[in-house]
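Coordinate analysis (summary)
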Amino acid sequence: MRTYTSIAALVVATLCGVSQPALAQEAQADSGGLGGEIVVTAQKREQKLQDVGIAITAYSGEQLRTLNVTDSRDLAAFSPGVHTGGNIAGQNTQFTIRGVTQNDFNDIVEAPNAVYLDEGYIAIAQGQTFATFDIDRVEVLKGPQGTLFGRNATGGLVHFVSTKPSLTETTGYVDVKGGIYDSVGSPMMFHGEAALNVPLSTTLAVRGAVMWNKSDALLRNRYPSGAVGGSPGAGAGANLGDDDTLAGRLTVLFEPTDTARFTLSGNAARSRMSTAPYQSKSTIGVFNADGELIDVRNAAADETRATIGANGQDMGSDTDNNGVFGDSYGRPVAGGDFFGYIDPDGKDFATSSDFAFKDHNHVKTQGLNLTAEFDLSDAVSLTSVSDYKHFEKLLFVDVDAGPRNQAANYAGVNANTYSQELRLNGSTDSLNWVAGGFYLHIDNHSLNGLKFPVGSVVPGAPMDLGVDARLKTDSYSAFGQVEWKFAPKLTMILGGRVIREQKDYAFFQGIWSTPDSRKVHTGTPIVIGPDNGAPYTDKRGQTLWAGKAQIEYRPDSDLMLYFGVNRGVKAGSYNAQLAGGLAVPTSAIPYKGETLTSYEGGFKYTFPDGRSRFNVSAYYYDYKDYQAFLFTGVSGVVINADARTYGIEAEVFTQPLDGLDTGLSVSWFDAKVKDVPLRVDGPIVRDVEPVYAPHLQATGIIRYGFDALGGRMSVGGDAQYTSSFYYNLRNFSADKFGGYVMVNASVNWKLDPWDITFAVRNLTDARAGVQGFDLATFCGCNEVSYKPPRMFQIGARYSF
């Protein structure tokens, strides 16, 4: 297995995007600069990055390893304009691209930013969080990709491509990393992966890869300190934030002729984790004279009211989750939550949580992918991609993230998806074209709700107050795109996709008597809604279309300018809101499809000496019926609201001296979601910012390579700045994480076949917010989570 010796090639990959075949061409001495071709497949065919009029960031597998990207969540840190949202304190994560986001925690909702693995669509939101191992490359496409990747690529997409078998030689590697966190108890981590490629004949090869990730808990639990109520079960009070993930992939390549290729891949993974690692911060709701909640603030150290009325009076709490305030008044401890709890060290990693168990949360995935490629002629090819995926999960959260036995939240899913794509690619001297069809079937059974465990202070416990939702989706589409070079320096691109989507939905709210804190929905439920005490069912079909029109101008071989209009769409769907809290009418269960029209222009420039590149793009989004998640009380629903966004992105790479590589990428945007109600059907509406959407992100990288100790040494670092962002659509004062700077540094030494790295991650020990929920009226608190603390890590890789 070849390892890269060019630091320049590595940083080019970071900043400009590059597939592994291209990097192999670029792996040369440091003085080689940017001479090799950089190739991406963003338009379903190989192209130089600088020839594609799309804002793209791409990473090779080698570059992901160097940047310590070991799961999909890490990718956003090195992609300005890309962030992560979601729920379960980072155990369930979705991508946010240029402010286009969806953070509903029910898995019947598909994300507006599509994620693909080997051209197979990942339809279930939980599937966007997975281990990245033996990856050939990742491509991040920003802006609507509705023509060629038509399934819910409203805001963009992330495409992971695994390393394929090779018919030429036996190769492989073993890669291990160990680290220690600079935190209470000095928790440890281990990451190991290995791959083996074996040609069985001149036409048949297999490649197998395995990965194991094991990390200790980061949150040290002081429970039963401050406990109120009985224990929720044996093992309660465990430390939180650990991970035990095992994954594998087996791929077979068969090339019976020079014009036919078959690639069959099977993969499986399972993760075992603690209860979600949330922490608590004390917050207080603020009401106007009409009794409407208009803000949530961080509770002052001397605050003793439960909530604040228009005249400063205490409005009481809603601890029984019925939407009526006055269950209790005051706070037993000034500055604490409704039960007197104050987190022992704020943003650091000590907590006291009762509903906290080891190996409580689990996720399982399996998949099978068959790609068949046929060269019908020198100019025309046929590709078939058949993909099956299965998802299972059950995740728990301590709602108040404290020592009072009140309630927990759970999210479970059992889903199967199948997709089939057939496409033809062709070219002439002046035309490149692609046409095809796509089918997707999703059968998604989702469970969600509030668990009132054994020992809960809530009357009627133990019980589950939950929802059972099943959504079946069938989607059919036809698509095509033509690139016409109608003049020596001008190219026009026209494309479109027509989609027909059918949905069949059944949903009910119920009460289950479930005594076990590790199980949900046992026994026969008492159905209580949502339709006047009865279940809700519906069927509907929708026809949608997406399109692209773009012009590209190349005055010379170093410069490309482009401007395009793209239309992205995502079909409407259904809510599965929890019972209790603020009332949600049945009319709010279905919501409409969304349409994003993007106007984007930019340029890509390679300096004549080949040592520098400079790319810029600017865009305006007109978003109709944006599907926004409105969380109130302890639950939420998706609503439709118009939105608009405008922004600019720039990236520059330069190699001023042989061996020295520097780069900077910056993204800025201004986004607004219009006329959002502070509650469903509420009288107050506001213009707000989308959630998990920092205005400004920047990534800087510097590396220097030199000969040392008989091999090649490199010293480098990277830094990412992320501005503040909200985690609740209402944009209340307390529902916001502050901006942060994350710094990493590493020293690497290579002497084939060995590669040794020492790294420090989060060098300045910054506290960077990940995810949060506003529960101010339920527990007088918000639950929040943070990225890991500083970590010292050493790794070794052996390639053969």
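Just so it is clear, the model here is predicted, and its values are computed rather than measured.

**What to know about the pairing of strand β43 (residues 781-786)**
The buried count for β43 comes to 6 of 6 residues, which makes it a mostly enclosed element. Covered by surrounding structure in β43 are Cys781, Glu783 and Ser785 together with Asn782, Val784 and Tyr786, the residues of both alternating faces. Where strand β16 (residues 279-287) lies against β43, 4 bridges are found, and the strand directions are antiparallel. Following the sheet pairing, Ser280 is matched in β43 by Glu783. Alignment of strand β42 (residues 769-775) against β43, held across 5 bridges, turns out to be antiparallel. Bridge pairing links Gly769 to Tyr786 in β43.

**Examining the nonpolar core**
Ranked by internal contacts, the top residues of the largest apolar core, which has 43 residues, are Ile56, Leu75, Val158 and Phe160. For this core, the secondary-structure elements that each account for two or more residues are β3 (55-60), β5 (92-97), β6 (113-117), β8 (135-142), β9 (156-162), β22 (408-427) and β23 (431-452). In this structure Leu75 touches Tyr59, Leu64, Val69, Phe95, Val138, Val140, Val158 and Phe160, once residues within four positions along its chain are discounted. Listed in part, the 42 residues of the second largest apolar core include Val458, Ala576, Val634 and Cys781.

**A look at the confidence of the model for the protein chain**
A residue-level look at the protein chain finds 94% of positions with pLDDT of 70 or above and a mean pLDDT of 90. Note that pLDDT drops below 50 for residues 1-36; the model gives that stretch 115 contacts with residues more than four away or on any other chain.

**Some words on the packing of aromatic side chains**
Aromatic ring pairs are defined here through the distance separating the ring centres and the angle between the ring planes. In the structure shown here, the tally under the stated rule is 33 aromatic pairs. Centre to centre, the rings of Tyr623 and Tyr626 are 4.9 Å apart; their planes meet at 45°, and the pair counts as tilted. Looking at Tyr623, the relative accessible area reads 3%, which means it is buried. Aromatic rings pair up to connect Phe105, Tyr278, Phe629, Phe631 and Phe773 into one cluster. Positioned above the aromatic ring of Phe133 is the side chain of Arg249, whose terminal nitrogen or guanidinium carbon lies 4.4 Å from the ring centre. Stacked on the ring of Tyr574, the Lys or Arg Arg540 has its end atom at 4.8 Å from the ring centre.

**Describing the pairing of strand β24 (residues 463-487)**
Bridge analysis of β23 against β24 gives 22 bridges, and the strand direction is antiparallel. Bridge pairing links Asn448 to Val467 in β24. Taken together, the 22 bridges between β24 and strand β25 (residues 490-512) define a ladder with antiparallel strand orientation. Bridge assignment links Asp468 to a residue of β25, and that residue is Phe508. The antiparallel hairpin formed by β24 and β25 contains 2 residues in its connecting segment.

**Structural notes on unusual backbone geometry**
The amide bond that connects Ala461 to the next residue, Pro462, takes the cis arrangement and shows omega of 5°. One can find Pro462 in the loop between β23 and β24. A cis amide bond links Gly529 to the next residue, Pro530, at an omega of 15°. Position of Pro530 relative to the elements: it lies in the loop between β26 (526-529) and β27 (536-556). Even without glycine at this site, Asp134 takes up a positive phi of about 50°. Note that Asp134 resides in the loop between β7 (120-121) and β8. Taking the relative accessible area as the measure of exposure, Asp134 reaches 6% and is therefore buried.

Rules and cut-offs
- Residues numbered from 1 in each chain as written.
- Predicted model: local features only at pLDDT ≥ 70, side-chain atom pairs only at ≥ 80, totals over all residues.
- Heavy atoms only, no water.
- Buried < 20%, exposed > 50% of the residue type's maximum accessible area, 1.4 Å probe, protein only.
- Helix = DSSP H or I, 4+ residues; strand = E, 2+ residues; numbered from the N terminus.
- Pairing = 2+ DSSP bridges.
- Core = buried A, V, L, I, M, F, W, Y, C linked by side-chain atoms within 4.5 Å.
- Contact = heavy atoms within 4.5 Å.
- pLDDT = per-residue confidence, 0-100.
- Phe/Tyr/Trp six-rings, centres within 6.5 Å; stacked < 30°, edge-to-face > 60°.
- Lys NZ or Arg CZ within 6 Å of the ring centre and 35° of its normal.

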